Amino acid sequence: MVFIGYREGHRVTEAPRLEVRSITRAFGGRPVVNDVSFTVEPGQVTCLLGPSGCGKSTTLRIIAGVDRPDTGVILMDGKPIAGPDVMVPPESRGTGLMFQDFALFPHLSVADNVAFGLKGTRTEKRLRVRDLLGRVGLARYLDSFPHELSGGEQQRVALARALAPNPRIMLMDEPFSGLDNRLRDGIRDETLELLKEEGTAVVLVTHEPEEAMRMGDEILLMRQGRIVQAGAPYNIYNAPMDREAAAFFSDINVIRGRVEGALTRTAFGQFLAPGHPDGADVEIVIRPQHLSIDFDRDGHGPAPTEEHGTWARARVVRARFVGNESIVEFELDDGTPLKASVPGVFLPKTDRVLWVALRRDRCFVFPAPRKAAE
Ligand SMILES: Nc1ncnc2c1ncn2[C@@H]1O[C@H](COP(=O)(O)OP(=O)(O)OP(=O)(O)O)[C@@H](O)[C@H]1O
Ligand SMILES: [Mg+2]
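What counts, and at which threshold
Counting from 1, residues in each chain are numbered in the order their sequence is written. The order in which chains are written sets their letters, starting at A; the order in which ligands are written sets their numbers, starting at 1. Since the coordinates come from a predicted model, pLDDT governs what is reported: local features require at least 70, and pairs of side-chain atoms require 80 or more to be given and counted, while whole-chain, interface and lining totals use all residues. Numbering of helices and strands starts at the N terminus; helices are DSSP runs of H or I of at least 4 residues and strands are runs of E of at least 2. Partly exposed residues are those whose C-beta has more than 12 but fewer than 20 other C-beta atoms within 10 Å; 20 or more makes a residue buried and 12 or fewer makes it exposed, with C-beta atoms placed from the backbone. By the convention adopted here, residues are in contact when the distance between their C-beta atoms, placed from the backbone, does not exceed 7 Å. Using the backbone to place each C-beta atom, any residue with that atom within 6 Å of a molecule or strand is considered near it. Throughout this entry, Asp, Glu, Lys and Arg are counted as charged residues, while Ala, Val, Leu, Ile, Met, Phe, Trp, Tyr, Cys and Pro are counted as nonpolar. The remaining residues, Gly among them, count as polar. Pairing between strands is defined by DSSP: at least two bridges between the two strands are required. The axes used here are C-alpha line fits, helices contributing only the stretch in contact, and every angle between their N-to-C directions lies in the interval 0 to 180 degrees. UniProt positions are given in the numbering used here, feature names are shortened, and annotations may be inferred rather than shown by experiment. Multiplying 1.5 Å by the residue count of a helix minus one yields the expected span of that helix. Working definition: the arc comes from the directions between the helix axis and the C-beta atoms, pointing outward to the latter. In plain words, the nonpolar core is the set of buried Ala, Val, Leu, Ile, Met, Phe, Trp, Tyr and Cys residues that C-beta atoms within 7 Å link up. Domain start and stop points were drawn from an automatic or database domain assignment. An angle below 35 degrees is read as roughly parallel, one above 145 as roughly antiparallel, one from 65 to 115 as roughly perpendicular, and any other as oblique. Here a crossing is called left-handed whenever its near helix is offset anticlockwise from the far helix by less than a right angle, and right-handed whenever the offset is clockwise.

If you look the protein up in an unreviewed UniProt entry, it shows as ABC transporter ATP-binding protein from Maritimibacter dapengensis.

Engineer: Please set out the overall build of the protein residue by residue, giving values where relevant.
Structural biologist: Looking only at helices and strands, the protein features eight helices and 23 strands. Across its three principal directions, the C-alpha atoms of the protein cover 80 × 45 × 45 Å. Out of the 374 residues belonging to the protein, those deemed buried represent 32%. The long-range fraction of contacts in the protein, counting pairs at least 24 apart against all pairs at least 6 apart in sequence, stands at 63%.

Engineer: Which residues make up the site of ligand 1, and what values do they have?
Structural biologist: In the vicinity of ligand 1, the residues found are F27, V32, G50, S52, G53, C54, G55, K56, S57, T58 and H207. Residue contributions to the shell around ligand 1 peak at three residues, all from helix α1 (residues 56–64). A breakdown of the residues in the shell around ligand 1 according to their chemical character gives three nonpolar, seven polar and one charged.

Engineer: Describe in detail the sheet that holds strand β11 (residues 201–206), supporting the description with residues and values.
Structural biologist: Taken in spatial order, the six strands make up an open sheet running β9-β10-β11-β5-β12-β13, and their pairing is mixed. The two strands at the open ends of the sheet, each matched to only one other strand, are β9 (95–99) and β13 (226–231). Taking each pair of neighbouring strands and ignoring which way they run, the sheet shows an average axis angle of 15°. Bridge count between strand β10 (residues 169–173) and β11: five bridges; the pairing is parallel. Within β11, the residue paired with L171 across the bridge is V203. Lying over the sheet, helix α4 (residues 151–163) contacts β9 and β10, oriented at roughly 165° with respect to β9.

Engineer: Got a sec to walk through the UniProt feature "domain: ABC transporter" (unreviewed entry) in the protein? Specific residues and values, please.
Structural biologist: In the numbering used here, UniProt assigns the feature "domain: ABC transporter" (unreviewed entry) to residues 18–249. In residues 18–249, helix accounts for 34% and strand for 29%; the two terminal C-alpha atoms are 27 Å from one another.

Engineer: Describe unusual backbone geometry, and please don't skip the residues or the numbers.
Structural biologist: Here Q224, not a glycine, exhibits a phi torsion of approximately 45°, which is positive. Relative to the helices and strands, Q224 is located in the loop between β12 (218–223) and β13.

Engineer: How would you summarise helix α3 (residues 122–135) if you had to cite specific residues and measurements?
Structural biologist: The terminal C-alpha atoms of α3 lie 20 Å apart, and with 14 residues this matches the ideal 20 Å at 1.5 Å per residue to within 8%. Within the span of α3, buried status applies to V129, L132 and L133. On an axial view of α3, the arc spanned by its buried residues comes to 95°, and they lie on one face. Turned more than 90 degrees away from the buried face of α3, the exposed residues are T123, E124 and L127. Turning to α3, the residues buried within the fold contact α2 (110–115) and α4. Just downstream of α3, G137 is the residue with a positive phi angle, here 75°.

Engineer: Quick one: what's the story with the nonpolar core, residue by residue and with numbers?
Structural biologist: Counting residues in hydrophobic clusters, the biggest one holds 57 residues, and the most contacted among them are C47, I63, V114, A160, L171 and V203. At six residues, α4 tops the list of elements feeding residues into this core. Sequence-distant contacts of V203, that is, excluding residues within four places in its chain, are made with V40, T46, L48, L60, I63, I169 and L171. If you look at the next biggest cluster of nonpolar residues, it comprises 22 residues, including A273, W311, A312 and V356.

Engineer: Explain the domain arrangement of the protein to me, using residue names and the numbers behind them.
Structural biologist: Per the domain assignment, the segments of the protein are domain 1 (8–245) and domain 2 (253–367). Here the C-alpha centre of domain 2 lies 40 Å away from the C-alpha centre of domain 1.

Engineer: Give me the lowdown on the packing of α4 against helix α5 (residues 181–198), citing residues and values where you can.
Structural biologist: Packed helices, taken two at a time, are described by the angle between their axes plus the distance between the axes. In the contact formed by α4 and α5, the axes pass within 11 Å of each other and the chain directions differ by 15°. Between α4 and α5, the crossing angle belongs to the class labelled roughly parallel. In this structure, α4 crosses over α5, and the sense of that crossing is right-handed. Contact with α4, carried on its side by G152, Q155, R156, L159 and L163, involves L183, I187, T191, L194 and E198 of α5 and no other residues of that element. A breakdown of the residues in the contact of α4 with α5 according to their chemical character gives five nonpolar, three polar and two charged.

Have a look at this one:
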């Protein structure tokens, strides 16, 4: 083993499974992947998450070797596989691929599909195929043909096929988007379990935050070719770097304010706005599930607390039940719209006046975007 250095106080003797160093790719002069860097360790699932067109698939294609970076280097287990002087062909990279339009070979049986990329004796191949198909719950379909299987079953065969040669890294591009909702959750979980058992490193591309949070050990949030934030799902959700990052994961409420002496005054009391200069416009951002609601007590609300700050009068605009929660839309006296999600059934009548407060520890204060006229 090669001594590499120290990471978090531990002596590290192995390079990351995958290391992407500052890769860039432009089409027609427009950078589509712009200075992207990250690492993936064995057994780790890393999700590239971002809106359509932000460069996720291009990044994955470059790692797979079907495209090459203009600049930057990619290393697998410490060895360069793509860079200015090196371009290892896709089939020699030890990657497993699973894309949305995965295609099984229609003329081969399920077992032969899974065995397709395998090396070794017939017995070894047969054992590996049986083992994998057993683990995806399809042992009894060994001799079936793809057209005899449902979409979800075909997906599981595709997973078994991609995993069969023990890839060092699995590259998945929206692999579950062709499946209907009910099937998807189950297959995601089974897939994750199998990948963890195999200890495969995974890069998963998705534009769905729920999928990234469900599957990822780490999320790389991409925007216009760049990684704008990286971290564990919990951190990205609870400490978004800006309003857009917050809004990518759920509906948000935005309360505007202006800073005076490192404080901003709102209908919910004063908020600390450290680091924001006097006179700056800021936005206080909070997710709908972090609003608290209380009833009117003869024209006044509950006393302010450290947890909730000041309660503000809010008129109900609309309330809807959406399954296991209710969404209540409010308007504050100053016209600010707010949306609260409440577990269970809570359907107050339109125009009813309630009191609303913000969970202080769940508020984010961001600089307000400048208006074009300013
Ligand atoms: N070979 C190419 N030639 C020209 N432009 C390309 C090429 N490949 C990708 N692009 C452009 O690069 C941008 C990023 O594409 P990419 O497929 O990486 O996006 P994505 O994040 O995967 O989006 P989606 O979620 O819609 O799949 C798009 O604007 C796309 O049109
Ligand atoms: Mg894509």
